[in-house]
Amino acid sequence: MTYWDTSALIMALHDETIRERLANGEHVTRSHSLSEMFSVLTGGRFRVRYSPNNAAALAADIARQVTFVDLSTEEVLRGLNEAGRYQVIGGRVHDWMHTLAAEKAGAKTLLALNGDDFSGLARGFTVEAP
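Reference entry: report on the structure contained in this document.

Criteria and thresholds
Residues numbered from 1 in each chain as written. Predicted model: local features only at pLDDT ≥ 70, side-chain atom pairs only at ≥ 80, totals over all residues. Heavy atoms only, no water. Salt bridge = Lys/Arg side-chain N within 4 Å of Asp/Glu carboxyl O. Buried < 20%, exposed > 50% of the residue type's maximum accessible area, 1.4 Å probe, protein only. Helix = DSSP H or I, 4+ residues; strand = E, 2+ residues; numbered from the N terminus. Contact = heavy atoms within 4.5 Å.

### Observations concerning the pattern of salt bridges
One pass over the full model with this rule turns up 6 salt bridges. Ionic pairing is found between Arg64 and Asp61, a salt bridge with its closest N-O pair at 3.5 Å. In this structure Arg64 comes out as exposed when scored by relative accessible area, which is 63%. A relative accessible area of 22% means that Asp61 is categorised as partly exposed.

### Concerning unusual backbone geometry
In the Ramachandran plot, Gln87 falls in the positive-phi region, its phi being about 55° despite a non-glycine side chain. Turning to its location among the elements, Gln87 is positioned in the loop between α5 (73-82) and α6 (92-105). Accessibility expressed as a relative area gives 57% for Gln87, which makes it exposed.

### A closer look at helix α3 (residues 32-42)
Regarding α3, the residues found buried are Ser33, Glu36, Met37, Val40, Leu41 and Thr42. Contacts from the buried residues of α3 go to β1 (2-4), α1 (6-14), β2 (27-29), α4 (52-63) and α6. Immediately downstream of α3, the backbone of Gly44 shows phi near 85°, a positive value.

Shown next, in the form of structure tokens:
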């Protein structure tokens, strides 16, 4: 099973080889990734800023290809209590929540555009580029 960070899902929209990888096997992410995708796609971080309608359609397309594993309130709070042990501060908490969801899903691999974001966080899986 492969867990997809938001950055990897966005790359799948723009790279056919990565998109093919998404089409085969079991893939998971958090539902929050859809909001993150929408934010990035409509916020102009790419050469082209997507319209809200196009970004929503792309998110829906991705949603059909993955299973969602979300954290309960208790799991989030437990993770926040453990955060200091893993040097998780500031915005790194988002990667930490992806880490906890990947662990919950039983993922063997976590795909992320910048694997350094997960340095010291991987618990029971490898981190690699899509």
